[in-house]
Structure formats: structure tokens, C-alpha cells
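Understanding the architecture of this molecule
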Amino acid sequence: MWFERLVELQARLRAPNGCPWDIEQTHLTLRTYLIEEAYEVLEALESGDDAKFAEELGDLLLQVVFHAQIASEEKRFTAADVVREIHQKMVRRHPHVFGEKRAKDAKEVLKNWEQIKAEERRAKEPGKGTGLSVETAKAPDSLMDGIPHTLPAVMQGFQLTRRASRIGFDWDNVEGVVEKLQEELAELGKAHTSQSHQQVEEELGDVLFAAVNLSRFLKVDPEIALKRANAKFTTRFREMERLARASGRSLSAVPREEMESFWNQAKESEQQNAARGAAKRISTRA
């Protein structure tokens, strides 16, 4: 019921005499908000605040409804079509639950998932079943199909390596991935010595790709891991600025060696705060 009411509300906002801002929006103008809301959901999830998490999920859902409303006005599809499509897709891609097929573990589920996706793409090919000759037929589907080129590079690399791993193209153990990363770092060092910017860029890309692959192997989302590292750096840097102001200077006026001292103080303070927070949580649960 509430979903239908949300759809009706968005239609009202877009109707004549509705909200001028909502009426002006298009799929293109809403792109930024869709991305922002997705990241705010992740931040709320990590906060542990269920009320905030639910609120941000609602904001993300609104973006889906908003896009569906615009499409509905253009007679392309509706919110009901969106829900029906994902419902049918989930049933189709879980034959081990809704059909006769069985999967012994999660790895087999993912492998079957990719096979079903490939079959779906073939079924949607233009001219399918029209008797095209081998010479004029479309090239076979690739497992890499369907990964958006618009994804941030880290997320795209994660998806690429994850797809490959689902059919067994993967390292046997984490040591092999670490060795590959070290190999790429060594090649980056050689490229830097050669002073070829193009070669340095290529080898640095290989290092980053290997690091993303390592994160995937360790079952860590590299985008989230990097965001946390960014947040940690920001917190420590702000503390360095505070320490510099406390000494009557701006951070830019502090000698490099003293900056290192401030960094270590900020790091120690952060660790102490984390320890106090953990102790507080334990005492609350006790």
C-alpha cells in the first residue's frame, strides 16, 4: 500500500500545478541524486543507526519511483513494470529455489546466475532466430558483457575480476594474488626509472587492478575500503590542523618533520577513541 501511495505522490508532484522543481527534472538531471543517495545509504548502513538506514533507503527508493514516473509520462514503462521485471528476473535466476534445478553451494549459484544472464542476453539479441549466416551473425556473448563502462574504475575492476572468478579463472590462494601485486609494484618501479609517463601510467594501472583483485579475493569491497581509508585520512588531517592551530600556526607553516609528529599524534588519538568506543559498546551490551 505504501509503495502505491509513494508512486501516486510522485505523480502528483509532477502533475500540472505540482512542484515546479519536480516538473523540471529529467533522467539526466537526476543522475547525480541517484549516485548520492546510494552512497548515503552505505554511510547510514555503516553508522548502525537503523532509523537513518531506513530513511536513506527510502530516499533511494524515491529516485527509482521518480525515474519510473518520468518514463510513465513518456509512455515507456511504469513503476509496476519495474517491479514486475525484477520479480520475474529473480524467479528466473533462482531455478534452484523456484524450479527443479539444485545448487550445492553459493559458488554454484553464482556460476548458474552468470549462465542464465548469458542466455537472457542471447534471447534479447536483435534478429535472433532470423536465419543469419555464420559470417553475419553477432559475435558470441562475453562474460564481461553487461558491466557498465560508466562505473568508477575501482568498482568496474572489482566486477570484472568477480565475473571471471565465477567460472574458475581465479587464484588458488591469497598468496598468489599478493605475489602478483608485488610483481606489478616491481614493474612500476622499473617504469619509473625509465621515465616514460605512458609506461608508468600503464604499470600503475596494473598495480591498482591487482590491488582491487586482492580485495575481491579477501572478500572486501575495494570501493568501501578506499572510502574508509579516505575518511580516516581526512579525520587525521583535520586533527593535524587542530594541533597546528593550538601551537599558534597554520599547518602549512609547520616543518615536514613536525607534520609527521602531528600525524602520529592524530593516529594515536584516533586509536584511543576507537578503543574507548569499543569498551563502551561492550559495557552497554553486558
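Refer to the structure above for everything that follows.
Overview of the packing of aromatic side chains
In the structure shown here, the tally under the stated rule is 4 aromatic pairs. Taking the centre distance of 6.3 Å and the plane angle of 70 degrees together, the rings of Trp21 and Phe66 count as edge-to-face. Of this pair, Trp21 sits in helix 2 (residues 20-24) while Phe66 sits in helix 4 (residues 50-73), and the two are 45 residues apart along the sequence. Looking at Phe66, the relative accessible area reads 3%, which means it is buried. Put simply, the rings of Trp21, Tyr33 and Phe66 touch in pairs and so form one group of aromatic residues.

Examining a nonpolar patch on the surface
Taken together, Leu61, Val64, Phe77, Val82, Val83, Ile86 and Met90 make up a surface patch of nonpolar side chains, about 500 Å² in accessible area. Looking at the nonpolar patch, the elements with two or more residues in it are helix 4 and helix 5 (79-92). Here the element with the most residues in the nonpolar patch is helix 5; it accounts for 4 residues. Given the relative accessible area of 33%, Met90 is considered partly exposed.

Regarding helix 9 (residues 174-194)
In this model helix 9 runs 31 Å from its N-terminal to its C-terminal C-alpha over 21 residues, within 8% of the 30 Å that 1.5 Å per residue would give. Considered for burial, the residues of helix 9 that qualify are Gly176, Val177, Leu181, Glu184, Leu188 and Ala191. Within helix 9, the buried residues cover an arc of 140 degrees as seen down the axis, which keeps them to one side. Pointing more than 90 degrees away from the buried face of helix 9 are the exposed residues Glu175, Glu179, Gln182, Lys190 and Thr193. Contacts made by the buried residues of helix 9 are with helix 10 (197-217). By the N-cap criterion, in which a side-chain oxygen at the helix start approaches the backbone nitrogen of a residue two or three places on, helix 9 is capped by Asn173, the distance to Glu175 being 3.2 Å. The first or second residue beyond helix 9 is Gln195, which carries a positive phi of 60 degrees.

Focus on the environment of Trp21
Of the residues examined, Trp21 reaches a relative accessible area of 39% and is grouped as partly exposed. Every residue in contact with Trp21, bar those within four places of it in the chain, is listed here: Leu30, Tyr33 and Phe66.

Section: helix 4
Over its 24 residues, helix 4 runs 35 Å from end to end, which matches the ideal 34 Å to within 8%, given 1.5 Å per residue. In this fold, the buried residues of helix 4 make contact with helix 1 (2-14), helix 2, helix 3 (31-47) and helix 5. Sitting at the head of helix 4, Asp49 places a side-chain oxygen 3.1 Å from the backbone nitrogen of Ala51. Following helix 4 by one or two positions, Lys75 has its phi on the positive side, about 60 degrees.

Looking at the packing of helix 9 against helix 10
Direction vectors running N to C along helix 9 and helix 10 enclose 165 degrees, while the axes themselves pass 8 Å from each other. By the angle between their directions, the pair helix 9 and helix 10 is classed as roughly antiparallel. In terms of crossing hand, the pair formed by helix 9 and helix 10 is left-handed. Of helix 10, the residues touching helix 9 (which contributes Val174, Val177, Val178, Leu181, Glu184, Leu185, Glu187, Leu188, Ala191, His192 and Ser194) are Gln199, Val200, Glu203, Leu204, Asp206, Val207, Ala210, Ala211, Asn213, Leu214 and Phe217. Its residues assigned to classes, the contact of helix 9 with helix 10 comprises 14 nonpolar, 4 polar and 4 charged.

Looking at unusual backbone geometry
The phi angle of most residues is negative, glycine excepted, and most peptide bonds adopt the trans form. Positive phi is not limited to glycine here, since Gln195 has a value of about 60 degrees. Relative to the helices and strands, Gln195 is located in the loop between helix 9 and helix 10. Within the chain, Lys219 stands out as a residue other than glycine whose phi angle is a positive 60 degrees. Tracing the chain through its elements places Lys219 in the loop between helix 10 and helix 11 (222-246).

Reading the values: the criteria
- Residues numbered from 1 in each chain as written.
- Predicted model: local features only at pLDDT ≥ 70, side-chain atom pairs only at ≥ 80, totals over all residues.
- Heavy atoms only, no water.
- Phe/Tyr/Trp six-rings, centres within 6.5 Å; stacked < 30°, edge-to-face > 60°.
- Helix = DSSP H or I, 4+ residues; strand = E, 2+ residues; numbered from the N terminus.
- Buried < 20%, exposed > 50% of the residue type's maximum accessible area, 1.4 Å probe, protein only.
- Patch = residues over 30% accessible without salt bridge, like charges linked within 9 Å, V, L, I, M, F, W, Y side chains within 5 Å.
- Areas by Shrake-Rupley, 256 points an atom, 1.4 Å probe, with all protein chains shown as cover.
- Salt bridge = Lys/Arg side-chain N within 4 Å of Asp/Glu carboxyl O.
- Expected span 1.5 Å × (residues − 1).
- Arc of directions from axis to C-beta.
- Contact = heavy atoms within 4.5 Å.
- Polar contact = N/O pair within 3.5 Å; in protein donor to acceptor, adjacent residues only side chain to side chain.
- Axes fitted to C-alpha atoms, helices over the stretch in contact; angles between N-to-C directions.
- Parallel < 35°, antiparallel > 145°, perpendicular 65-115°, else oblique.
- Left-handed = near helix turned anticlockwise from the far one by under 90°.
- Nonpolar A, V, L, I, M, F, W, Y, C, P; charged D, E, K, R; others polar.

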